[in-house]
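If you want the building blocks of each chain, they are given just below.
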Amino acid sequence: MSQTKVLPQVQPFLDEMTETWSYVVYDREGGSAAVIDPVLDFDQASGRTSTAGAEKIVAFVRQKDLAVEWVLETHAHADHLSAAPFIRAQLGGRIAIGDHITQVQGIFRSVFNLEKEFLVDGSQFDHLFAENETFRIGDLEGRVIYVPGHTPADMAWLIGDALFVGDTLFLPDVGSARCDFPGGDARSLYRSVRRLLELPEQTRMFMCHDYPPDGSRPHHCETTVGEQKRSNIHLKDGISEAQFVKMRTERDATLGMPRLIIPSIQVNIRAGQMPPAEDNGTVYLKVPINKL
């Protein structure tokens, strides 16, 4: 008899302040899990952090008696600080990201003039995934898909029939991610998305963000490859690369920087760790003037 294929169970968590979706992906209760894109609460005005949101993920994992094997980052986020170190400390698992993170580290080491001890080799993470590398979460198999464009280092995680796209795509009525950050490229994003849309139409697709147009609906996190092909306002079938690049470039020129980009990048290229404390024992984040 052939063994029944295990489909991933997915529990989403919404951080309302940054409109970010985090996920617990697991094979079964009492089984194995991965945590994807966990958020650390950060109050910019005071510089204070909190783990209140991440603690909800910890509580769920413990309730389901899950063993966390991976803490996966789709990319170095520019809109929230990662809670990956807190998740690892509470639940175990290895913090992983795509191997092109070294490019992003190189770019922002210069932007923030980071300490000479900061390495741009990705060694801050427990594991760097390469294109098409596979991994296991208990009875589930995952595969890594390299999807540059939003940044040069974005990865999508295909776990069973569930695809976690990071900031590559948004829900059909929202469209696509910006491409004007250092190292971003609209042409690359178009080609990355076309690769994702070659997957079976029934593949479940999970967003990292949702920005409901004009607040017209509640936040949602899930769609399908087929629905994106039919309905995505920026990248549905029939939209050419040239059309997309023109639209994306013109649109990006009107956008301001994300509210938390300056603290987020400094932390997230370190796998969620803060910069080293200075000689007074205090941690500081830099603000480059007229740089971004």
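Because the structure is a prediction, the values reported are computed rather than measured. Every chain's residues receive numbers from 1 upward, in the order its sequence appears when written. Reporting in this predicted model follows two pLDDT cut-offs: at least 70 for local features of residues, and 80 or more for side-chain atom pairs to be given and counted; totals over whole chains, interfaces and linings ignore these cut-offs and use all residues. With hydrogens and water stripped out, all remaining heavy atoms of the structure feed into the side-chain values.

**A closer look at the UniProt feature "domain: Metallo-beta-lactamase" (unreviewed entry) in the protein**
Working step 1: UniProt positions are given in the numbering used here, feature names are shortened, and annotations may be inferred rather than shown by experiment. In the UniProt entry, the feature "domain: Metallo-beta-lactamase" (unreviewed entry) is given for residues 19–209.
Working step 2: Span residues 19–209 is 22% helix and 30% strand, its end C-alpha atoms 6 Å apart. Working definition: helices are DSSP H or I runs of at least four residues, strands are E runs of at least two. Numbering for both runs from the N terminus.

**Some words on helix α6 (residues 241–252)**
Working step 1: In this analysis, the expected span of each helix is defined as 1.5 Å times one less than the number of residues it contains. Look at α6: 16 Å from first C-alpha to last across twelve residues, which is about the 16 Å you get at 1.5 Å a residue.
Working step 2: Whether two residues touch is decided by their heavy atoms; if any such pair falls within 4.5 Å, the residues are in contact. At its buried positions, α6 is contacted by α4 (186–196).

**Description of the sheet that holds strand β3 (residues 32–36)**
Working step 1: As summarised here, the arrangement of the six strands in space is β1-β2-β3-β6-β8-β9, forming an open sheet in which the pairing is mixed. Taken across any chain shown, the strands that pair with only one partner, and hence form the sheet edges, are β1 (9–15) and β9 (127–129). The mean inter-strand angle of the sheet, taken between neighbouring strand axes irrespective of direction, is 25 degrees. Strands are treated as partners if at least two bridges between them are detected by DSSP. Note on geometry: axes are C-alpha line fits, over the in-contact stretch for helices, and angles between N-to-C directions span 0 to 180 degrees.

**Re the packing of helix α1 (residues 52–63) against helix α2 (residues 84–91)**
Working step 1: Between α1 and α2, the least distance of the axes is 10 Å, while the angle of their chain directions is 30 degrees. One finds that α1 runs roughly parallel with respect to α2. Classified by chirality, the crossing of α2 by α1 is right-handed. Taken together, the residues of α2 that come into contact with α1 (itself represented by A54, E55, I57, V58, V61 and R62) are F86, I87, Q90 and L91.
Working step 2: In this classification, the charged set is Asp, Glu, Lys and Arg, the nonpolar set is Ala, Val, Leu, Ile, Met, Phe, Trp, Tyr, Cys and Pro, and all remaining amino acids, among them Gly, are polar. Here the contact of α1 with α2 is composed, by residue class, of seven nonpolar, one polar and two charged. For classification, angles of less than 35 degrees are called roughly parallel, those exceeding 145 degrees roughly antiparallel, those between 65 and 115 degrees roughly perpendicular, and all remaining angles oblique. Each helix crossing is assigned a hand: it is left-handed if the near helix lies turned anticlockwise from the far helix by less than a right angle, otherwise right-handed if that turn is clockwise.

**With respect to the environment of L158**
Working step 1: Counting through the fold element by element, L158 comes out in strand β12 (residues 155–159).
Working step 2: Working definition: with a 1.4 Å probe on protein chains only, accessible area under 20% of the residue-type maximum means buried, over 50% means exposed, and in between means partly exposed. For L158, a relative accessible area of 13% puts it in the buried group.
Working step 3: With 45 residues separating them along the chain, L158 and T203 place their C-alpha atoms 9.2 Å apart.
Working step 4: The contact partners of L158, leaving out residues within four places of it in the chain, are E141, G142, R143, I145, L163, L199 and T203.

**Thoughts on the environment of R194**
Working step 1: Take R194: it is sitting in helix α4.
Working step 2: Judged by its relative accessible area of 22%, R194 is partly exposed.
Working step 3: For R194 and G138, which are 56 residues apart along the polypeptide, the C-alpha to C-alpha distance reads 30 Å.
Working step 4: Look past the residues within four positions of R194 in its chain and what remains in contact with it is L235, K236 and D237.

**Topic: the layout of surface pockets**
Working step 1: Here a cavity means grid points, on a 1 Å grid over the protein atoms only, where a 1.4 Å probe fits yet cannot get out; a pocket means an open set of points with protein on both sides within 12 Å along at least five of seven lines; lining residues are those with an atom within 4 Å of a point. Grid points are joined across faces, edges and corners, and a volume is the space filled by probe spheres set on the points. When its volume is computed, the largest pocket comes out at roughly 500 Å³.
Working step 2: Lining the largest pocket are 23 residues; nearest its centre among them are F170, R178, Y211, L255 and P258.
Working step 3: Counted by class, the lining of the largest pocket contains nine nonpolar, six polar and eight charged residues.
Working step 4: Estimates place the volume of the second largest pocket at around 300 Å³.

**A short note on the sheet that holds β12**
Where strands meet in a sheet, backbone hydrogen bonds hold them as pairs that are either parallel or antiparallel.
Working step 1: If you trace the six strands from one edge of the open sheet to the other, you get β10-β11-β12-β13-β14-β15, paired in mixed fashion. If you trace the sheet from one side to the other, it starts and ends with β10 (134–137) and β15 (222–224), each paired once. Taking each pair of neighbouring strands and ignoring which way they run, the sheet shows an average axis angle of 30 degrees.
Working step 2: Taken together, the three bridges between strand β13 (residues 162–164) and strand β14 (residues 204–206) define a ladder with parallel strand orientation. Each bridged residue has a counterpart across the sheet, and for F164 the counterpart in β14 is F206.
Working step 3: Across the face of the sheet, α4 comes into contact with β11 (140–146), β12 and β13 while running at roughly 150 degrees to β11.

**Here's the deal with the pairing of β11**
Working step 1: Taking burial as the measure, the seven residues of β11 include five buried ones, the bulk of the element.
Working step 2: Examined bridge by bridge, β10 and β11 share four bridges and lie antiparallel to one another. Considered in β11, the bridge of R136 is made with E141.
Working step 3: The antiparallel pairing of β10 with β11 creates a hairpin that spans two residues between the two strands, and G138 there sits at a positive phi of about 60 degrees.
Working step 4: The sheet contact formed by β11 and β12 spans five bridges and is antiparallel.

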